[in-house]
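Spelled out, the chains give:
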Amino acid sequence: MSAATDQEVGRSRVRPRARRLVAGRGRYTDDIAAPRAVHVAFYRSPHPHARIKALELSAARAIPGVVLVASGADIARHCKPFAGVHRLFIGMKAADQLPVAVDRACWQGEPVVVVAAETRAIAEDALDLIEVDWEPLEGFGTPEGALAGPAIHEQLGDNIGFDGITTTGDVATAIAGAAVVVEDTFRFGRHTGVCLEARSILAVYDPQEQSLVVHESHQCPAQQQAIFADLMGLPEHRVRVICPDVGGAFGIKQQLYGDELATCIVAKMTGRPALFVADRVESFASDIHAREHVVKARMAFAHDGSILALTLDDLFAVGAYSQYPRSSIGEASHVARLTGAPYRIPAYQARVRMVYQNKPPVGHYRAVGHPIACAVGESLIDQGARALGLDPIAVRRLNQIRDGSGPHASHGAAVLEGLTLDACLDRLLAGFDVTDFRREQAAARQRGSLLGLGIASFVELAGTGAPYYGESGAPVTAQEACLVRLEPSGHVRCQASATDQGQGTDTAIGQAVADAVGVAFDDVEVVSGDSAACPPGGGAWASRGASAGVEAAVRAGRALRAEILRLAGLILQRKPEQMYVRRGVIRDAVTGAELITIREVAVIGHYRQHLLPPGTQPDLSLVRSYVPQNQAFLTTNGIQLATVSIDPGLGEVRLLRHRVAHDSGTVINPQLLDEQIRGGVVQGLGAALFEEIRYGEDGTLGTGTLMDYLVPLATEIPDIEVVHVTTADPSTTLGAKGAGEAGTAGAAAAVLNAVNDALAPLGARVSALPLTPERVLAAIAAASSVPAEALSRQKAGT
Amino acid sequence: MSSEAEILVRLTVNGAVVARHVPVRRSLADFLRHDLGLTGTHVGCEHGVCGACTIRLDGEIVRSCLLLAAQADGAAVETVEGLTESGEIAALQQAFLARNALQCGFCTPGMLVTAADLLRTTTTPTREEIRGAISANYCRCTGYHAIVDAIETAATSRTGDR
């Protein structure tokens, strides 16, 4: 067999774990049997903001089968408070949080009382008998209302958690000399990950050992171990967090939740295993939300379409508390960093304000900040091109950072390396005939129907490096590690800090380690998601599985191969460099003749060490780490194209084609890569057209079920075309780049631009997401100054 | 334990006769998962929207979160575990694996039960028919494209067998 065909990296291997999952043999947290477990349920605040004057818990405690009813104060006796401050952001303010509210609830859905019972149903019976004497307080739901309102947390002085400005060049002069300045205010609805498996946790506390073993549906077991130990005052080496199969995460399962910490405390208080599984309503009410931004932005152009300046003011509402441990600032800071990032922009000013309001905490959801930055920047480019009468694609080509131009210090204060914007745009358009589409679009207009084409280019910060959280003060690491061990049988087992919620990280590690060691893919097993069994590391976040997690595994695999060759050399009395390993066999470097198998080396290394020269110590379990040490973020880029049709009578947007070109660097598993991008795109399409967690102005939730919050369905989504540019990342040995967030980063912006392209002949435009039929109709009506109702009647009549 | 009202239910689950006393308010999904340990049936929303709990009851696909265990008295229930063991969904499972038509896998059992139902009634469904058939089964990971491909492949391979 030739070297080319037995290379594992580059093959579409089937994920071993998926074999269990298709057979219904998943092991999600709620599937794990725990004898004598109590079921935990929470009485949650029905008010967005209210004082707790008194609690009446005796009736709840009297129900047979109820084991514990605990107030916020009862729970607080077992832990420290926590605050989501990121020290890199000077001046950031965040209030202390406790797992369960004490004295006051600051968001609707905040836990107020904990019940533990023999069954979830009995626990819910008890919730019905809890009486709280509430004194409702004024609540602020909208970003503007929160900005103007009195401080939700008095000690902070006001509701502004952070106010920062990024400036490059001279904006005022650039705007004064511009041929065209376009300006818009963009509104983005709150949305969330909607993991099909709701947040779940099973905590087991042993009072004799003072040990806590937690199964948690989470992305970051090492982080959770550190947090539970710190906040509960337990020795960290006696806390173990296992993340078994996880039914979707998308950033939603990346932080600490008060109800999950409270469940650990219930396990300690009752001495029994404690299980909490959120139901769907409480998921909508308490999962991390994202994307509630109001962005006012301007872009200035010269006659030829050159961008002269960009300004933006992002008002970012994050709920009542900053998420812990990473803080909530990430999304706004990425908006400042990434808006217009694909382009050379000589003058820039971005102000971001993070404001507290009476809603659940906002934080990290897939592609943090990227979709906002992309929508704002790409929409302004299209508006500028339209105002100048230029082709929007030509304007992009004119302004984008050239491929191969070296590290670029961006206007958003990021160092962007190895961008391939030209190559991605070429790949995108190689499979799409724009001229043809424009012809079809014109013909459609003749018939009274609206077609639109939108393009959105984006730079991704995929794979966070040490400087970002290194400065934060939080127990969050950008490092990944992998222990690779040669079993006595000659098989290889990897214990990885990177985790896998279905992305296929485990499989990618298996493929890369197979190549690095020189064994077959089926001879490699990967264990992940266990803070005791695996070395400490980040887990899964910011598209780091391939770029950091697999890189650490490759380094460990290569070290193991070197050790195997060292031992083989001692056994055979040859120099290691005179041999190589392939598919479990050690061969002569010149003739290719088989010398010895890895299995034989393993047997000697594990059982027959007396056969080795005196003083030899075999070392067949090796761990290696990888951290992007000096770069705050690794960079990559992509571009998306969407075409839509709009029913002008109903305001309904129909997605026609969606195409993505992306640079993922070295491709480890082509099929898994494509599916990461496709899945990400569809979450972005949900943001574009359907998804919004609606709240009243006072912070009252209006979308508590999947009937109200619309997740994309199979009938609403087209097939997603994906093509790649593969420029290896020069900073790692493998060269893989992040891909998990690329789809989400640009999908909504492409659709927004397509819708505005379709509406342009009517003089209408939309700049609020999601693009609901109401918004589209209102835009059409405003443009024609004919009421939307009359317009729809008109259409119906024709 | 509490003094919850219980009822005796007798039914067939994956071909085996089962008789249990269950609380009258227990859902069929919870009964399968917690009383029988058949955890392949997943609970995603508990209000009949997401489809993760889809099973077969007397030959028809139903949402097991919307039924009480008591309502299944006398019925024949088939879950993903039973359909796996019988081999009925083997071609679909193989196609899902080969095409990576699942990521987190939480929707997959319900998706397979729904897809199997489509393939029982439609020999060679079009992509639109496949999308329509699975339109009440939510998948948050894949974006559906790979699932449609996999079901199409399974339908084609089955036709080829004839």
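See the structure above.
Bear in mind the structure is a predicted one, so any value in this text is a computation, not a measurement. Throughout, residues of each chain are indexed from 1 in the direction in which the sequence is written. By the order in which they are written, chains take letters starting at A while ligands take numbers starting at 1. Note on the predicted model: pLDDT of at least 70 is required for a residue's local features to be given, and 80 or more for side-chain atom pairs to be given and counted; whole-chain, interface and lining totals, by contrast, use all residues. By convention in this description, side-chain values take in all heavy atoms of the structure and omit both hydrogens and water.

## Let's talk about empty space enclosed by the protein
All names here are of chain A.
So, step 1. Grid spacing is 1 Å over the protein atoms alone, the probe is 1.4 Å, and a cavity is where that probe fits but cannot get out, while a pocket is an open set with protein on both sides within 12 Å along at least five of seven lines and lining residues have an atom within 4 Å of a point. Grid points are joined across faces, edges and corners, and a volume is the space filled by probe spheres set on the points. A complete count under the given rule lists nine cavities of 30 Å³ or more for this structure.
So, step 2. Here the largest cavity defines a volume of roughly 830 Å³.
So, step 3. A per-element tally of the lining of the largest cavity places helix α19 (residues 670-689) first, with three residues.
So, step 4. Classification used: nonpolar for Ala, Val, Leu, Ile, Met, Phe, Trp, Tyr, Cys and Pro, charged for Asp, Glu, Lys and Arg, polar for all others including Gly. Across the lining of the largest cavity, the residue classes tally to 20 nonpolar, 25 polar and five charged.
So, step 5. If you add up the space inside the second largest cavity, you get close to 80 Å³.
So, step 6. Together, Phe-188, Gly-189, His-191, Arg-291, Pro-371, Ile-372, Ala-687, Glu-691, Ala-748, Leu-769 and Pro-770 line the second largest cavity.
So, step 7. Looking at the lining of the second largest cavity, its residues break down into seven nonpolar, two polar and two charged. We count a stretch as a helix when DSSP gives it H or I for four or more residues in a row; a strand needs E for two or more, and each element gets its number in order from the N terminus.

## Comments concerning the sheet that holds strand β1 (residues 6-13) of chain B
All names here are of chain B.
So, step 1. For two strands to count as paired, DSSP must find a minimum of two bridges between them. Read from one edge to the other, the open sheet built from five strands follows the order β2-β1-β5-β3-β4, with strand pairing classed as mixed. Looking at strand neighbours, the two that pair on one side only are β2 (16-23) and β4 (60-63), the edges of this open sheet. Within this sheet the neighbouring strands show an average axis-to-axis angle of 40°, counted without direction.
So, step 2. Relative to β4, strand β3 (residues 54-57) is paired through four bridges, and the arrangement is antiparallel. For Arg-56, the partnering residue across the bridge sits in β4 and is Ile-61.
So, step 3. Across the sheet, helix α1 (residues 28-35) lies against β1, β2, β3 and β5 (76-78), angled at about 110° from β2, the strand it touches most. For helices, the fitted line uses only the C-alpha atoms of the stretch in contact; every axis is such a line through C-alpha atoms, and the angle between N-to-C directions lies from 0 to 180 degrees. Any two residues whose heavy atoms approach within 4.5 Å are treated as being in contact.

## Examining the packing of helix α11 (residues 370-388) of chain A against helix α12 (residues 392-399) of chain A
Residue and element names in this part refer to chain A.
So, step 1. Interaxial distance between α11 and α12 falls to 9 Å at its minimum, and their mutual angle equals 115°. Comparing their axes, α12 and α11 come out roughly perpendicular. For the pair α11 and α12, the crossing hand works out as right-handed. Residue-level contacts link Glu-378, Ile-381, Asp-382 and Ala-385 of α11 to Pro-392, Val-395 and Arg-396 of α12.
So, step 2. Across the contact of α11 with α12, the residue classes break down as four nonpolar, no polar and three charged. In this scheme, roughly parallel covers angles under 35 degrees and roughly antiparallel covers those over 145, while 65 to 115 is roughly perpendicular and the rest are oblique. By definition, turning the near helix anticlockwise from the far helix through less than a right angle yields a left-handed crossing, and turning it clockwise yields a right-handed one.

## Thoughts on the interface of chain B and chain A
So, step 1. Listed as interface residues are 48 residues of chain B and, on the opposing side, 55 residues of chain A.
So, step 2. Interface area, chain B with chain A, both sides summed: about 4,300 Å², of which 56% is carbon and sulfur.
So, step 3. Note on terms: buried area is the combined drop in 1.4 Å-probe accessible area of two parts once they are placed together, counting the loss on both. Ranking the residues of chain B by area buried against chain A places Leu97(B), Tyr138(B) and Arg140(B) at the top, with a combined share of 20%.
So, step 4. What makes a salt bridge here is a side-chain nitrogen of Lys or Arg within 4 Å of a carboxyl oxygen of Asp or Glu, nothing more. Connecting chain B to chain A are seven salt bridges.
So, step 5. Its salt-bridge partner being Arg99(B), residue Glu675(A) comes within 2.9 Å of it at the nearest N-O pair.
So, step 6. When residues of the side of chain B that touches chain A are traced back to their parent elements, those giving at least two are α1, α2 (80-86), α3 (90-98), α4 (108-121), α5 (127-133) and α6 (145-161) of chain B.
So, step 7. Residue contributions to the side of chain B that touches chain A peak at four residues, all from α3(B).
So, step 8. Among the residues making up the side of chain B that touches chain A, the classes are represented as 20 nonpolar, 18 polar and 10 charged.

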